[in-house]
Amino acid sequence: MKKSTFLRITLVLPLTLLFLLTANAQKKPIIGVAGIAHESNSFSSQLTTLDLFDFKQGESQEELSKKFFSFANSQTISSGYIEGAKQFGLELYPTVVTRARPMGPVTDDAFNTMMDEILKQLKAGPKLDGILLNLHGAMVVESYPSGDEEIVKRVREAFGPEMPIIVTHDFHANVTPELVQYSNVLITFKENPHLDTFDRGLQAAKIMSEMVKEGLKPTQAIVKAPMVYNIVYQSTFSNPLLPITTESKEMEKNDKILSVSVAGGYQYADVPWMGPSVIVVTDNDAELAQKEAQRLSDKLWDTRHETVLKSPQPAEAVKMAMEHDGRPVVLIDMGDNIGGGSTGDSSFLLEELIKQGAQGWVMVIADPEAYAVAEKAGVGNDFDFEVGGKTDDMHGKPVRIKGHVRSLNVGRYLETEVRHGGGRYWNMGHTAVIQLEGSTLDEPNLVLLTTLASSPNSAHQLISNGVYVKRQKIIVAKGNIAPHAAYKPFASKLIQVDSPGSTAVNPSWFTFKRARKGMFGMGDY
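Scoring rules and cut-offs
- Residues numbered from 1 in each chain as written.
- Predicted model: local features only at pLDDT ≥ 70, side-chain atom pairs only at ≥ 80, totals over all residues.
- Heavy atoms only, no water.
- Salt bridge = Lys/Arg side-chain N within 4 Å of Asp/Glu carboxyl O.
- Helix = DSSP H or I, 4+ residues; strand = E, 2+ residues; numbered from the N terminus.
- Buried < 20%, exposed > 50% of the residue type's maximum accessible area, 1.4 Å probe, protein only.
- Pairing = 2+ DSSP bridges.
- Axes fitted to C-alpha atoms, helices over the stretch in contact; angles between N-to-C directions.
- Contact = heavy atoms within 4.5 Å.
- Polar contact = N/O pair within 3.5 Å; in protein donor to acceptor, adjacent residues only side chain to side chain.
- Parallel < 35°, antiparallel > 145°, perpendicular 65-115°, else oblique.
- Left-handed = near helix turned anticlockwise from the far one by under 90°.
- Nonpolar A, V, L, I, M, F, W, Y, C, P; charged D, E, K, R; others polar.
- Phe/Tyr/Trp six-rings, centres within 6.5 Å; stacked < 30°, edge-to-face > 60°.
- Lys NZ or Arg CZ within 6 Å of the ring centre and 35° of its normal.

Peer 1: Honestly, the pattern of salt bridges in this entry has me stumped. Any pointers?
Peer 2: The full count for this structure, using the stated rule, is 17 salt bridges. Between K319 and E323 there is a salt bridge whose closest N-O contact spans 2.8 Å. In this pair, K319 and E323 are both assigned in helix α10 (residues 314-323), four residues apart and thus about one turn of the helix distant. K319 sits in the partly exposed class, given a relative accessible area of 44%. Taking the relative accessible area as the measure of exposure, E323 reaches 52% and is therefore exposed. Here the salt bridges do not stand alone but share partners, grouping D54, E59 and K67 into one network.

Here it is, written out as structure tokens:
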């Protein structure tokens, strides 16, 4: 070999090795993303079937990625994952990430079909370094009290004990100890209304990056106080939960603590682990995780006597709203909480508003049949039909209203501010605005008839249909905590109504069979 050739080889080999090492160092860890999110109401008369999910079997990776990354400009968990991947040098591999509107339990067929597709997609992709699971935490399946636990269990079994798995949950999660065992990290929303969804996704991505890049070894502990934290008191922006939420954020300033989650639980899922949870994740310190989880859970338990129900029933609530000087007064129809799995067609408050002769009120009712009648009549023409109370016998009886069709609208609208859940684009289905006879332009009584039940997370639900929300005397919002973020900025008064329905706030309305017995807040059960 010539001397010059030898010198060229000796120079090229180190440079080639350096290139390979640099390229390997720059390679981003690949993180699979999947999720089935559903809040399942055990007392709903409507099962949640496959067609109700945003899901299409056999979608290509390109289609799944396009759908997932379309959330980049929102304030959701997914957008937090996406931003976190950019900041912390991860490559996301999206698979099935789907959800459906809260309703009754998910059918076995729907669950197994989607779960099989998730595992198929995750296994068909590149070698994964970690998995992010976007789950709600209160999904009930016909054969599984905790659908979320079953998802994490199946993913763990498919990818083995060494695969980093981080799960994100909604604030209303009914967390099972087994789910904590199957996952490496569980993070729930801290805030209710859910204004921190983006932040929790970002936090999950950061911890995942430290696990796959730096060898971080999270350890987590869960403690569940023996109580139901009634949904009436689950706002994290007021007492009694505000100090607990504040403490959870302070605890994360400890370098040894990676995340602290306080889940309020979901009282409409009749399951063994229904109720609040505290989950603390530490940097490989099991003793600290258990100690701090117990300490914060004890603080939660100490507030139990502040959660006694004091909400008025429909007749009293309407009377209070009519007598109040300011406007608007928002009547929160908690028994028909769409975001909690109710029908959106309860008629109890409508009946009272008419009976008591209230003026200047507006409410939304999901009633496709009544909408069709309004559409056929046309704008400006008379409307005389029974509305609401048609889904089942839990939400009142149909109420006959007379008036005229003020407008017909497509029912899609935009919310640019951060509201409950972080959603930007909303769809309530085709919508008819009916102005009732006997009301005026100054004090209109309005019923919005929609083809889809849509949670009142944004005042633009009304504004987009030509309703001057600040001039209305009474606004009925079919929710619980979610409407607070939408209406509190300008409402004169918010009244949470103890109305009947599948999301009634008083547990005594329901017959429980699987929840743990003897929990505080469950009456004689």
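The structure having been displayed, the exposition proceeds.
Peer 1: Please explain unusual backbone geometry as it appears in this structure.
Peer 2: For residues besides glycine, phi is generally negative; the peptide bonds are generally trans as well. Looking along the chain, the bond that leaves N192 and enters P193 is cis, with omega of 5°. In this fold, P193 is placed in the loop between β5 (185-188) and α7 (197-214). The omega angle of the peptide bond from R327 to P328 is -5°, so this bond is cis rather than trans. Summarising the element assignment, P328 is placed in the loop between α10 and β9 (329-333). Positive phi is not limited to glycine here, since N284 has a value of about 60°. You can call N284 exposed: its relative accessible area is 51%.

Peer 1: Would you mind going over the sheet that holds β5 with me for this structure?
Peer 2: Sheets are built from strands paired through backbone hydrogen bonds, the pairs being either parallel or antiparallel. Overall, parallel pairing links the five strands, which are arranged β2-β1-β3-β4-β5 in an open sheet. Two strands in the sheet have a free side with no partner beyond their single neighbour: β2 (91-99) and β5. Averaged over all neighbouring strand pairs, the angle between strand axes comes to 15°, with direction disregarded. Note that strand β1 (residues 30-37) and strand β3 (residues 130-134) share four bridges and pair parallel. The residue bridging V33 from the neighbouring strand is L132, located in β3. Its contacts with the sheet place helix α5 (residues 147-159) against β1, β3 and β4 (165-169), and it is angled at close to 165° to β3. Of the strands in this sheet, β1, β3, β4 and β5 touch α7, which is tilted by about 165° from β5.

Peer 1: Before we go on, may I ask you to explain the side chain of N230 in this structure?
Peer 2: Positionally, N230 belongs in the loop between β6 (218-223) and α8 (242-251). N230 gets classed as buried once you look at its relative accessible area, which sits at 4%. Of the polar contacts made by the side chain of N230, one reaches the backbone oxygen of V505; its length is 2.7 Å. The residues touching N230, leaving out its near neighbours within four places in the chain, are Q267, T307, L309, V505 and P507.

Peer 1: In this structure, what is going on with the sheet that holds β9? I would like to understand it.
Peer 2: Within the open sheet, the eight strands sit side by side as β11-β12-β15-β16-β10-β17-β9-β18. Their pairing is mixed. The open sheet terminates on both sides in strands that have one partner only, identified here as β11 (382-387) and β18 (493-497). Between one strand axis and the next, the sheet turns through 30° on average, direction left out of account. As judged from the six bridges shared by strand β12 (residues 399-409) and strand β15 (residues 431-436), these two strands associate in the antiparallel manner. Each residue of the ladder has a partner; that of G403, found in β15, is L436. The sheet contacts of helix α11 (residues 348-355) involve β9, β10 (361-366), β11, β12, β15, β16 (446-450), β17 (474-477) and β18, and relative to β10 the element is tilted by about 150°. The sheet contacts of helix α12 (residues 368-377) involve β10, β11, β12, β15 and β16, and relative to β11 the element is tilted by about 170°.

Peer 1: Quick question: what am I supposed to make of the packing of α8 against helix α9 (residues 286-302) here?
Peer 2: Two packed helices can be described by the angle between their axes and the distance between those axes. Between α8 and α9, whose axes approach to 10 Å, the crossing angle comes to 165°. Relative to α9, the element α8 lies roughly antiparallel. The handedness of the crossing between α8 and α9 comes out as right-handed. Facing I244, E247, S248 and M251 of α8, the residues of α9 in contact are E292, R295, L296, K299 and L300. Residue classes in the contact of α8 with α9 are distributed as four nonpolar, one polar and four charged.

Peer 1: Help me understand the packing of aromatic side chains in this model?
Peer 2: With the rule as written, the count across this model stands at eleven aromatic pairs. Here F43 and F512 contribute two aromatic rings whose centre-to-centre distance is 5.1 Å and whose plane-to-plane angle is 80°, an arrangement assigned as edge-to-face. With a gap of 469 residues between them, F43 in the loop between β1 and α2 (61-69) and F512 in the segment after β18 connect regions that are remote in the sequence. Between Y266 and Y268, the aromatic rings sit 5.4 Å apart at their centres with planes inclined by 75°, giving edge-to-face as the arrangement. Considered together, Y266 and Y268 belong to a single accessibility category, that of buried residues. Every member of this aromatic cluster is reached through a ring pair, and the members are F43, Y266, Y268, F510 and F512. Cation over ring: R471 sits above Y468, and NZ or CZ is 4.5 Å from the ring centre.

Peer 1: Whenever I open this one, the packing of α10 against α11 confuses me. Can you help?
Peer 2: Running from amino to carboxyl end, α10 crosses α11 at an angle of 50°, the nearest separation of the two axes being 9 Å. Classified by the angle their axes make, α10 and α11 are oblique. Helix-helix and strand crossings are classified by hand; for α10 and α11 the assignment is right-handed. Of α11, the residues touching α10 (which contributes P314, A315 and V318) are F348, L349, E352 and L353.

Peer 1: Help me out: how do you make sense of the environment of E316 in this one?
Peer 2: Inspection of the secondary structure assignment puts E316 in helix α10. Owing to a relative accessible area of 48%, E316 belongs among the partly exposed residues under this scheme. E316 sits 279 residues away from A37 along the chain, and the two C-alpha atoms are 36 Å apart.

Peer 1: Explain the side chain of N134 to me, please; I cannot follow it from the model alone.
Peer 2: Residue position: N134 is located in strand β3. By relative accessible area, N134 is classed as buried at 8%. Setting aside residues no more than four positions away along its own chain, N134 makes contact with A34, G35, I36, A37, I77, S78, Y81, V97 and T168.

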